[in-house]
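If you want the building blocks of each chain, they are given just below.
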Amino acid sequence: MAQAKKANVKIEDLLKSDNFDFSTFQVMNEEGEIVNPEVAATISDEEMVDFMEKMVWARELFNRSTALNRQGRLGFYAPTAGQEASQIGTILATEKEDFILPGYRDVPQLILHGLPLEKAFLWSKGHVEGNNYPEDLKALPPQIIIGAQYVQTAGVALGIKKNKRKAIAMTWTGDGGSSQGDFYEGVNFTGAFKAPAVFVIQNNGWAISTPRSKQTAAPTLAQKAVAAGIPGVQVDGMDILAVYALTKAAREYAIAGNGPVLIETLCYRFGPHTLSGDDPKRYQPEGVQEEWQAKDPLIRLRKYLTGKGLWSEERENEVIEKTKEEVKTAIKKADQAPKQKISDYLKNMYETPDFVTKEQIEEFQAKENQ
């Protein structure tokens with residue numbers, strides 16, 4: 001997965017459909033050193049501190065969610081540790097009016113976009129209230145079907161264009177998702193109609209146990225944009241400064257009427273695909289995790305901010321403790337949600353139930369009320 005790093009490159013030169021240089025765009029290297037000062041200068045110290053706080057929040061949310069899953073208080077959960085720069089860097093480049101369509105690993109983005117934490121926990125528990133969103137939240141619940149959100153994003157982006165709104169549709173998938181037919185259809189359709197969308201491929205090298213090298217012969221996933229006639233850019237997905245700056249520019253490019261952008265974030269997920277029995281040690285080569293842990297997005301930004309006197313261990317611990325309290329409050333609310341009933345499942349299945357379903361609803365309601 002290693003690619004040549006591209007330093008001191010201008011983002012506007014990357015956002016061109018005829019740009020065929022897919023070197024990895026980077027602003028801060030693994031040592032926490034700025035390698036693209038021109039781009040780094042566009043991000044304030046206050047923004048960088050905010051990036052750090054939100055990545056620490058996301059890492060602790062992962063830790064707490066894992067513990068809750070082990071306790072049986074959460075259901076399905078897909079780990080996010082290691083992908084903080086990719087997830088946080090992209091969502092912070094959006095605005096409230098943008099519509100997001102996450103995959104099942106993209107719950108942190110949903111929360112930062114406005115989803116109450118207890119709703120995220122209810123979704124993980126399989127409770128219908130986990131899909132009942134606030135009216136002003138422009139988002140769909142996490143998509144379980146791999147790559148399906150790309151087709152949905154094409155439709156949402158076209159709707160945004162037809163309504164002449166200054167907004168984008170944004171979605172994420174993994175490297176495995178980029179091998180799905182829905183991925184190609186969504187990107188091609190959106191490109192053909194120049195609809196405002198930003199597509200993100202979070203390339204962590206493994207689609208569960210299938211290495212990226214066996215998924216496609218393409219040297220990069222970003223170059224899959226070429227067939228759709230849209231810009232494709234590969235970025236260091238462990239570098240939040242590069243991810244944020246590129247995504248922000250991609251949003252502006254799309255809103256200006258130029259069409260969609262495809263971003264490939266090179267990153268790595270510390271841990272299993274899900275907490276449902278996957279064990280990466282069974283199929284990943286020895287030393288891979290250690291190699292990527294040295295590139296941890298929190299470590300490199302922590303080094304940089306600490307060196308400038310903008311971050312400290314005390315401040316990080318404050319964020320961690322605050323997150324623990326948020327999680328404790330949210331899971332308590334989620335645990336207090338009314339238990340679901342079979343009759344409710346049937347009611348939620350159809351807006352207007354047919355005769356047979358009505359009979360079933362009445363039958364189950366009679367049993368539930370006994």
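Residues numbered from 1 in each chain as written. Predicted model: local features only at pLDDT ≥ 70, side-chain atom pairs only at ≥ 80, totals over all residues. Heavy atoms only, no water.

Draft legend 1. Representation of empty space enclosed by the protein in the model. The tally for this structure, following the rule as stated, stands at one cavity of 30 Å³ or more. If you add up the space inside the largest cavity, you get close to 170 Å³. Ser65, Tyr77, Val107, Ala120 and Phe121 are the residues nearest the centre of the largest cavity, which is lined by 19 residues in total. When residues of the lining of the largest cavity are traced back to their parent elements, those giving at least two are helix 3 (45-70), helix 5 (107-113) and helix 6 (117-124). Per element, the largest residue contribution to the lining of the largest cavity is five residues, and it comes from helix 6. Per-class residue counts for the lining of the largest cavity are 15 nonpolar, three polar and one charged. (1 Å grid on protein atoms, 1.4 Å probe; cavity = no way out; pocket = protein on both sides within 12 Å on 5 of 7 lines; lining within 4 Å. Points joined across faces, edges and corners; volume = space filled by probe spheres on them. Helix = DSSP H or I, 4+ residues; strand = E, 2+ residues; numbered from the N terminus. Nonpolar A, V, L, I, M, F, W, Y, C, P; charged D, E, K, R; others polar.)

Draft legend 2. Representation of unusual backbone geometry in the model. The phi torsion at Lys194 lies on the positive side, around 50°, for a residue other than glycine. Backbone geometry places Ile208, a non-glycine residue, at a positive phi of 55°.

Draft legend 3. Molecular detail of the side chain of Lys224. Along the chain, Lys224 turns up in the loop between strand 7 (210-211) and strand 8 (232-236). Although buried, Lys224 forms no salt bridge, and the nearest oppositely charged side chain, Glu264, lies 9.1 Å from it. Within the structure, Lys224 has its side chain in polar contact with the side chain of Tyr184 (distance 3.0 Å). Each residue touching Lys224, except ones within four places of it in the same chain, is listed here: Ser178, Ser179, Phe183, Tyr184, Thr216 and Leu262. (Buried < 20%, exposed > 50% of the residue type's maximum accessible area, 1.4 Å probe, protein only. Lys, Arg positive; Asp, Glu negative; His and termini not counted. Salt bridge = Lys/Arg side-chain N within 4 Å of Asp/Glu carboxyl O. Polar contact = N/O pair within 3.5 Å; in protein donor to acceptor, adjacent residues only side chain to side chain. Contact = heavy atoms within 4.5 Å.)

Draft legend 4. Structural context of the packing of aromatic side chains. A complete count under the given rule lists ten aromatic pairs for this structure. Seen in terms of ring centroids, Tyr150 and Phe199 are 4.9 Å apart; in terms of plane orientation they differ by 25°. Their pairing is stacked. Here the residue Tyr150 occupies a position in helix 7 (residues 148-162), and Phe199 occupies one in strand 5 (residues 197-203), the gap between them amounting to 49 residues. The residues Tyr150 and Phe199 share a single accessibility class, namely buried. Seen in terms of ring centroids, Trp206 and Tyr283 are 5.6 Å apart; in terms of plane orientation they differ by 50°. Their pairing is tilted. Of the two residues, Trp206 is situated in strand 6 (residues 206-207) and Tyr283 in the loop between strand 9 (261-266) and helix 10 (288-293); the sequence distance between them amounts to 77 residues. Every member of this aromatic cluster is reached through a ring pair, and the members are Tyr150, Phe183, Tyr184 and Phe199. Over the face of the ring belonging to Trp292 we find Lys295, whose NZ or CZ atom lies 4.4 Å from the ring centre. (Phe/Tyr/Trp six-rings, centres within 6.5 Å; stacked < 30°, edge-to-face > 60°. Lys NZ or Arg CZ within 6 Å of the ring centre and 35° of its normal.)

Draft legend 5. Quick peek at the nonpolar core. Ranked by size, the top nonpolar core spans 72 residues in total, and within it Phe25 and Phe121 carry the most contacts. Top contributing element to this core by residue count: helix 9 (residues 240-258), with eleven residues. Once residues lying within four places of it in the same chain are set aside, the contact partners of Phe121 are Leu61, Ser65, Leu68, Leu74, Val327, Ala330, Ile331 and Ala334. (Core = buried A, V, L, I, M, F, W, Y, C linked by side-chain atoms within 4.5 Å.)

Draft legend 6. How the structure looks around the pairing of strand 4 (residues 169-174). Within strand 4, five of the six residues are buried, which leaves it mostly tucked inside the rest of the structure. For strand 4 and strand 5, the ladder comprises six bridges, and the chain directions are parallel. Within strand 5, the position partnered with Thr173 by the bridge is Ile201. Each parallel crossover has a hand, and for strand 4 linked through helix 8 (residues 181-192) to strand 5 it is right-handed. (Pairing = 2+ DSSP bridges. Right-handed = clockwise from strand over helix to strand, strands pointing away.)

Draft legend 7. Just the UniProt feature "domain: Dehydrogenase E1 component" (unreviewed entry) in the protein, in detail. Under the UniProt annotation, "domain: Dehydrogenase E1 component" (unreviewed entry) lies at residues 54-342. With 44% helix and 11% strand, the stretch residues 54-342 has end C-alpha atoms that lie 39 Å from each other. (UniProt positions renumbered as here; feature names shortened; annotations may be inferred.)

Draft legend 8. Looking closely at the pattern of salt bridges. For the structure shown, the criterion picks out 20 salt bridges. Lys96 is the partner of Asp136 in a salt bridge, and the nearest nitrogen-oxygen pair spans 3.5 Å. Of this pair, Asp136 sits in the loop between helix 6 and helix 7 while Lys96 sits in the loop between helix 4 (84-91) and strand 3 (99-101), and the two are 40 residues apart along the sequence. A salt bridge links Glu291 to Lys295; its shortest N-O distance comes to 3.9 Å.

Draft legend 9. How the structure looks around the packing of helix 4 against helix 9. Two numbers describe how helix 4 lies on helix 9: the axes approach to 8 Å, and their chain directions differ by 30°. By the criterion of interaxial angle, the relationship of helix 4 to helix 9 is roughly parallel. The element helix 4 and its partner helix 9 pack so that their crossing is right-handed. From helix 4, Ala85, Ser86, Ile88, Gly89 and Thr90 reach across to helix 9, where they touch Ile240, Val243, Tyr244 and Thr247. (Axes fitted to C-alpha atoms, helices over the stretch in contact; angles between N-to-C directions. Parallel < 35°, antiparallel > 145°, perpendicular 65-115°, else oblique. Left-handed = near helix turned anticlockwise from the far one by under 90°.)

Draft legend 10. Looking closely at the packing of helix 3 against helix 12 (residues 313-335). Between helix 3 and helix 12, whose axes approach to 9 Å, the crossing angle comes to 45°. Here helix 12 runs oblique to helix 3, going by the angle between their axes. In the packing of helix 3 onto helix 12, the handedness of the crossing is right-handed. Along the contact surface, helix 3 presents Val49, Met52, Glu53, Val56, Trp57, Glu60, Leu61, Arg64 and Leu68, while helix 12 presents Arg315, Glu316, Val319, Ile320, Thr323, Lys324, Glu326, Val327 and Ile331.

Draft legend 11. Molecular detail of helix 12. For helix 12, with 23 residues, the first-to-last C-alpha span of 33 Å sits near the 33 Å given by 1.5 Å per residue. In this structure, the buried side of helix 12 is in contact with helix 3, helix 6 and helix 11 (297-307). (Expected span 1.5 Å × (residues − 1).)

Draft legend 12. Geometry of a positive patch on the surface. A contiguous patch of positive charge, built from Lys161, Lys162, Lys164 and Lys194, is present on the exposed surface. Inspection of the secondary structure assignment puts Lys164 in the loop between helix 7 and strand 4. The class of Lys164 is exposed, set by a relative accessible area of 73%. (Patch = residues over 30% accessible without salt bridge, like charges linked within 9 Å, V, L, I, M, F, W, Y side chains within 5 Å. Areas by Shrake-Rupley, 256 points an atom, 1.4 Å probe, with all protein chains shown as cover. Charge placed at Lys NZ, Arg CZ, Asp CG, Glu CD.)

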